[in-house]
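# Summary of structural features
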Amino acid sequence: MLNHVQIYTDGACKGNPGPGGWGVRLQSGANIKELHGGEAQTTNNRMELMAVIEALRALKRPCRVSLYLDSEYVRKGITEWIHGWKARGWKTAAKQPVKNVELWQTLDALVHGSNHQIEWHWVKGHAGDPGNERADELANMGAAQFTR
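This structure is a prediction, so every number in the text was calculated from the model and none was measured. (Residues numbered from 1 in each chain as written. Predicted model: local features only at pLDDT ≥ 70, side-chain atom pairs only at ≥ 80, totals over all residues. Heavy atoms only, no water.)

## Focus: the packing of aromatic side chains
Rule in force here: The pairing test for Phe, Tyr and Trp rings, Trp by its six-membered ring, is centres within 6.5 Å, and the orientation test on the planes gives stacked under 30 degrees, edge-to-face over 60, and tilted for anything in between. Strands here mean DSSP runs of E at least two residues long; helices mean DSSP runs of H or I at least four residues long; both are numbered from the N terminus. Working definition: with a 1.4 Å probe on protein chains only, accessible area under 20% of the residue-type maximum means buried, over 50% means exposed, and in between means partly exposed.
On inspection of all chains with the given rule, the structure shows four aromatic pairs. Taken together, a centroid distance of 5.1 Å and an interplanar angle of 65° make the contact between Trp85 and Trp104 edge-to-face. Of the two residues, Trp85 sits in helix H2 (residues 72-87) while Trp104 sits in helix H3 (residues 101-112), which places them 19 residues apart along the sequence. With relative accessibility at 8%, the residue Trp85 sits in the buried group. What links up through ring pairs into an aromatic cluster is the set Tyr73, Trp81, Trp85 and Trp104.

## Re helix H4 (residues 130-144)
Every α-helical turn comprises 3.6 residues, leaving residues that sit three or four positions apart pointing alike. Put simply, the rule reads: Each helix should span, by expectation, one fewer than its residue count multiplied by 1.5 Å. Along the arc lie the directions from the helix axis toward the C-beta atoms. Note on contacts: a residue pair is in contact if any heavy atoms of the two residues lie within 4.5 Å.
Relative to the 21 Å expected for 15 residues at 1.5 Å per residue, H4 spans 21 Å between its end C-alpha atoms, a close match to the ideal helical length. Looking only at H4, the buried set comprises Gly131, Asn132, Ala135, Asp136, Leu138, Ala139, Gly142 and Ala143. Axial view of H4: buried residues confined to an arc of 165°, hence all on one face. Residues of H4 that are buried in the fold lie against strand S1 (3-13), strand S2 (18-28) and strand S3 (31-42).

## Focus on the side chain of Arg75
What counts is decided by this rule: Any N or O atom pair separated by 3.5 Å or less is treated as a polar contact, with the protein-specific requirement of one donor-capable and one acceptor-capable atom, and with residues adjacent in sequence counted only for side-chain atom pairs.
Within the fold, Arg75 resides in helix H2. Of the polar contacts made by the side chain of Arg75, one reaches the side chain of Glu72; its length is 2.7 Å. The contacts of Arg75, once residues within four sequence positions are left out, are Leu69, Trp120, His121 and Trp122.

## Some details on the pairing of S2
We apply this condition: For two strands to pair, DSSP has to find at least two bridges joining them.
The buried count for S2 comes to 10 of 11 residues, which makes it a mostly enclosed element. Between the antiparallel neighbours S1 and S2 lie four residues, among them Gly15 with a positive phi of about 95°. Between the end of S2 and the start of S3, which pair antiparallel, lie two residues, with Gly29 showing a positive phi angle near 60°.

## Let's talk about the packing of helix H1 (residues 44-57) against H3
Where we set the bar: All axes here are fitted lines through C-alpha atoms, helices being fitted over the stretch that makes contact, and every angle between N-to-C directions spans 0 to 180 degrees. Any angle that is under 35 degrees is reported as roughly parallel, and any over 145 degrees as roughly antiparallel; angles of 65 to 115 degrees are reported as roughly perpendicular and all others as oblique. Take the far helix as your reference; a near helix turned counterclockwise from it by less than a right angle gives a left-handed crossing, and one turned clockwise gives a right-handed crossing. Nonpolar residues are Ala, Val, Leu, Ile, Met, Phe, Trp, Tyr, Cys and Pro. Charged residues are Asp, Glu, Lys and Arg, and all others, Gly as well, are polar.
One can describe the packing of H1 onto H3 by two numbers: an axis separation of 10 Å at closest approach and a directional angle of 30°. By the angle between their axes, H1 is roughly parallel relative to H3. The handedness of the crossing between H1 and H3 comes out as left-handed. Of the residues in H3, those in contact with Arg46, Leu49, Met50, Val52, Ile53, Leu56 and Arg57 of H1 are Glu102, Leu103, Trp104, Thr106, Leu107, Leu110 and Val111. Tallied by class, residues from the contact of H1 with H3 come to 10 nonpolar, one polar and three charged.

This is a description of form; function is not addressed.
In structure tokens, the structure reads:
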């Protein structure tokens, strides 16, 4: 039986592009782990992707994951759009290169090469969900490292 982990992720950017951060809150039973990081020059979408990537990298064995995020870009990208991108050689339907392709490829490998059972849940950002609010605080902590 796989261990159940509840994960909240978020990205933040001060300017887009600009200094940005990502935040992750993982919980399994009573165990909670929080992570954050960032980059000096990035975009909000890159930070949303990095949050999910770093969350999945933090799992040391296959898990049953309930992943909550407020980014439809990431949720739809990994569950819907990625199949077409891969079939078209990492091009969009408009035949343009997929933005953030290296992050999408990393996320794809983590999702499909990990034996995790992942349920993707969209939550409305800044709407009072405690897990999402904490992930947002952590993402802003990540960005703060680069805004001083």
